[in-house]
Amino acid sequence: MKYLPDVGRHLKLHKVDALLFCVEWFMSIFSRTLPWSCVLRVWDIFFFEGVKVLFRVALGVLKLILGSKKQRLKYEGFYTINQRFRNLTVKETHEDILFPL
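All of the points below concern the structure found in this document.

Conventions we followed
Residues numbered from 1 in each chain as written. Predicted model: local features only at pLDDT ≥ 70, side-chain atom pairs only at ≥ 80, totals over all residues. Heavy atoms only, no water. Phe/Tyr/Trp six-rings, centres within 6.5 Å; stacked < 30°, edge-to-face > 60°. Helix = DSSP H or I, 4+ residues; strand = E, 2+ residues; numbered from the N terminus. Buried < 20%, exposed > 50% of the residue type's maximum accessible area, 1.4 Å probe, protein only. Expected span 1.5 Å × (residues − 1). Arc of directions from axis to C-beta. Axes fitted to C-alpha atoms, helices over the stretch in contact; angles between N-to-C directions. Parallel < 35°, antiparallel > 145°, perpendicular 65-115°, else oblique. Contact = heavy atoms within 4.5 Å. Nonpolar A, V, L, I, M, F, W, Y, C, P; charged D, E, K, R; others polar.

Evaluated as defined, the whole model comprises eight aromatic pairs. Centre to centre, the rings of F21 and W25 are 5.2 Å apart; their planes meet at 50°, and the pair counts as tilted. Residue F21 and its partner W25 are both found in helix α2 (residues 19-27); the two are separated by four residues, about one turn of the helix. The two residues F21 and W25 agree in class, both being buried. Centre to centre, the rings of F26 and F30 are 6.3 Å apart; their planes meet at 80°, and the pair counts as edge-to-face.

Here it is, written out as structure tokens:
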């Protein structure tokens, strides 16, 4: 990955293809993944800026979940990584965390 090389290496090491979770994120415009208040914010920016915001939000989620070395050590293996991205908590995906001022 160009923007998150450590995360990209971690996913590649465990043979996790981002398509496994990103397709759902993009097809639903995050409505099935993020809390409703955050979804509304994503949609607002999406309608104003276009499709590029979907990639920015996806990168933000990837960074939140696997951004630090400690987080990457916690989630090793195909199954644990895939489940982690499919079961995001409301606390970690709150709009104030994903969209800081």
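Attention now goes to helix α3 (residues 36-49). Helix length check: α3 (14 residues) gives 20 Å between terminal C-alpha atoms against 20 Å at 1.5 Å per residue, within 8%. Burial in α3 covers these residues: C38, V39, V42 and F46. When α3 is viewed along its axis, its buried side chains cluster within an angular range of 100° and face the same direction. Facing away from the buried side of α3 by over 90 degrees, the exposed positions are W36, D44, F47 and F48.

Our focus in this paragraph is the packing of α2 against helix α6 (residues 78-86). Contact geometry for α2 and α6: axes closest at 9 Å, N-to-C directions at 10°. The angle between α2 and α6 places the two elements in the roughly parallel class. Note on element contacts: α6 touches α2 through F78, N82, F85 and R86, opposite L20, F21, E24 and W25. Each residue belonging to the contact of α2 with α6 can be placed in one class, and the counts come to five nonpolar, one polar and two charged.

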